[in-house]
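Summary of structural features
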Amino acid sequence: MERHEIEIFLTLAEELHFGRTAERAGVSQSRVSQTLAKLERRIGVKLFERNSRRVALTTIGEQLRAGIEPAHRRIQEEVARATAAGRGITGMLRVGFSGAFTGDLILQVADVFSARHPGTELQIQQVQMSDPYGPLRSGDVDLQVTELPMDEPDLTVGPVLISQPRALLLPSAHSFARHASVSLEDLAEMTLLTVAGSVPAQWREHHFPRQTPTGRPIPQGQAIVHWEDVLSLVLAGKGVCPVAAAGARYYSRPGLAFVPFRDASPIEYALVWPSARETARVRAFAQISREFTESRGGSSAVLDLI
């Protein structure tokens, strides 16, 4: 069997649909039919039962698939390994994330990346909000998913992977917890937790403002170091905190409420890496992340699928 015959046969055995097989193989549907007819003539037996309603493997077709699929997979892996080595896509890649749902996304992208570049070892770790770019600059991570905005000359901003509506995390006993939505102006009537550490002023003001859009001062509460501190302090009634709406899926518990903002811009999460240490591994991971997001409907839809 020639390579294109093997690939068309195995794809049809998986899809059991001539149209989808043609699309995946990048050929016409008639080419799929011709290739299958040629194979069946050579082998001397039907490999698929097909009519207007269904396509199914015959017993001989199942045997052929079972015999050649592992060898074909092995060949693909070796070609991918050799290609990765030739492009420098081997070795360790350390990827950081900021929260549970970005971690979920990165783990799924990592599975795709590892399958495509088997010569690479991935290490996934959380980056603390009090030092968002420190691990990148120290070399502890090679790239990470982080909240925008970002204006750091030594760092490159890659594709936006997630765009999330903003919500306010507050105690369920708080009077605003009973509202259908809140406004940025409402923050003047609450104590807003803030962030400790080496956080850029632009980033801090975007996510933890000191005044409302009309200029009213927002009372400032305790500065937090770790994301887990937010949950404890809000539960204790020490303040409120703007968060991505997806946080409700991961951090809901008795005593907490997530109320959507009606006038706040969404929170965007993008891949970021040091410009001076951009490698083939980093570029490959960024590209696969972009493809993964686009295949699931874009940055605003991807969280519905993880």
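This text follows the structure it describes.
Heads up: these notes are all about the structure in this document. (Residues numbered from 1 in each chain as written. Predicted model: local features only at pLDDT ≥ 70, side-chain atom pairs only at ≥ 80, totals over all residues. Heavy atoms only, no water.)

Digging into the overall build of the protein chain
On a plain count of helices and strands, the protein chain comes out with 10 helices and 12 strands. Radius of gyration (C-alpha) of the protein chain: 26 Å, far over the 19 Å computed for a compact globule of 306 residues. The C-alpha extent of the protein chain, read off along each of the three principal axes, is 80 × 45 × 30 Å. Relative to its 306 residues, the protein chain shows a buried fraction of 46%. Long-range pairs, those at least 24 residues apart, make up 74% of the contacts in the protein chain between residues at least 6 apart in sequence. Here the protein chain displays about 14,900 Å² of accessible surface, and carbon together with sulfur accounts for 50% of that area. Of the side chains in the protein chain, 33 bear a positive and 34 a negative charge, and the two mean positions are spaced by 6 Å. (Helix = DSSP H or I, 4+ residues; strand = E, 2+ residues; numbered from the N terminus. Rg over C-alpha atoms; globule rule 2.2 N^0.38 Å. Buried < 20%, exposed > 50% of the residue type's maximum accessible area, 1.4 Å probe, protein only. Contact = heavy atoms within 4.5 Å. Areas by Shrake-Rupley, 256 points an atom, 1.4 Å probe, with all protein chains shown as cover. Lys, Arg positive; Asp, Glu negative; His and termini not counted. Charge placed at Lys NZ, Arg CZ, Asp CG, Glu CD.)

Describing the packing of aromatic side chains
If you walk through the whole model with that rule in mind, you get 6 aromatic pairs. Where Phe-101 meets Tyr-269, the ring centres are 5.3 Å apart and the plane angle is 85°; that geometry is what we call edge-to-face. Here Phe-101 is found in helix α5 (residues 100-116), whereas its partner Tyr-269 is found in strand β12 (residues 267-274), with 168 residues between them in sequence. Across this residue pair, the class does not change: Phe-101 and Tyr-269 are buried. Among the aromatic side chains, those forming a connected cluster through ring pairs are Phe-101, Tyr-250 and Tyr-269. (Phe/Tyr/Trp six-rings, centres within 6.5 Å; stacked < 30°, edge-to-face > 60°.)

So, the packing of α5 against helix α10 (residues 280-295)
Contact geometry of α5 with α10 gives a least axis separation of 10 Å together with a crossing angle of 115°. The element α5 and its partner α10 pack so that their crossing is right-handed. Here α5 contributes Leu-105, Ile-106, Gln-108, Val-109, Ala-110, Val-112, Phe-113 and Arg-116 to the contact with α10, which in turn contributes Arg-281, Ala-284, Phe-285, Ile-288, Ser-289, Glu-291 and Phe-292. Across the contact of α5 with α10, the residue classes break down as 10 nonpolar, 2 polar and 3 charged. (Axes fitted to C-alpha atoms, helices over the stretch in contact; angles between N-to-C directions. Left-handed = near helix turned anticlockwise from the far one by under 90°. Nonpolar A, V, L, I, M, F, W, Y, C, P; charged D, E, K, R; others polar.)

Considering the pattern of salt bridges
Inspection of every chain in the model, using the stated rule, returns 14 salt bridges. Residue Glu-7 is joined to Arg-3 by a salt bridge in which the shortest nitrogen-to-oxygen separation is 3.9 Å. Here the residue Glu-7 and the residue Arg-3 both occupy positions in helix α1 (residues 3-15), the gap between them amounting to 4 residues, near one helical turn. Its relative accessible area of 33% is what places Glu-7 among the partly exposed residues. The residue Arg-94 makes a salt bridge to Asp-142 at a minimum N-O spacing of 3.2 Å. Taken together, the residues Arg-94 in strand β3 (residues 91-97) and Asp-142 in the loop between α6 (134-138) and β5 (143-147) connect sequence positions 48 residues apart. On the accessibility criterion, Asp-142 (14% relative accessible area) is buried. Through salt bridges with shared partners, a single network forms among Glu-14, Glu-15, Arg-20 and Arg-24. (Salt bridge = Lys/Arg side-chain N within 4 Å of Asp/Glu carboxyl O.)

What about the environment of Val-225?
Looking at where Val-225 falls in the secondary structure, it is placed in the loop between β9 (220-224) and α8 (227-235). Residues Val-225 and Glu-15, 210 residues apart in the sequence, show an inter-C-alpha distance of 50 Å. Setting aside anything within four residues of it in sequence, one finds Val-225 in contact with Gln-128, Met-129, Ser-130 and Ala-196.

Let's talk about α1
Residues lying three or four places apart along an α-helix face the same way, a consequence of the helix completing one turn every 3.6 residues. Look at α1: 18 Å from first C-alpha to last across 13 residues, which is about the 18 Å you get at 1.5 Å a residue. Of the residues making up α1, those classed as buried are Glu-5, Ile-6, Ile-8, Phe-9, Leu-10, Thr-11, Leu-12, Ala-13 and Glu-15. Downstream of α1 by one or two residues, Leu-16 has phi in the positive range, about 55°. (Expected span 1.5 Å × (residues − 1).)

Some remarks on helix α2 (residues 18-25)
Considered for burial, the residues of α2 that qualify are Phe-18, Thr-21 and Ala-22. All buried residues of α2 fall inside an arc of 100° around its axis, so they share one side. Residues of α2 that are buried make contact with α1, α3 (29-43), β1 (48-50) and β2 (55-57). Backbone geometry just after α2 places Gly-26 at a positive phi near 70°. (Arc of directions from axis to C-beta.)

Details of the nonpolar core
Counting residues in hydrophobic clusters, the biggest one holds 41 residues, and the most contacted among them are Leu-168, Leu-169, Leu-170, Leu-187, Trp-227 and Val-230. Of all the elements in the fold, those that place two or more residues in this core are β7 (166-171), β8 (192-195), α8, β10 (241-244), β11 (256-260) and β12. Ranked by residues supplied to this core, first place goes to α8 with 5 residues. With near-sequence residues (within four places) excluded, Leu-170 lies in contact with Phe-176, Ala-177, Val-234, Val-240, Gly-255, Leu-256, Ala-257 and Val-259. Ranked by size, the runner-up nonpolar core spans 26 residues in total, among them Ile-89, Leu-105, Val-109 and Leu-143. (Core = buried A, V, L, I, M, F, W, Y, C linked by side-chain atoms within 4.5 Å.)

So far we have only geometry, and geometry alone does not tell us how the molecule works.
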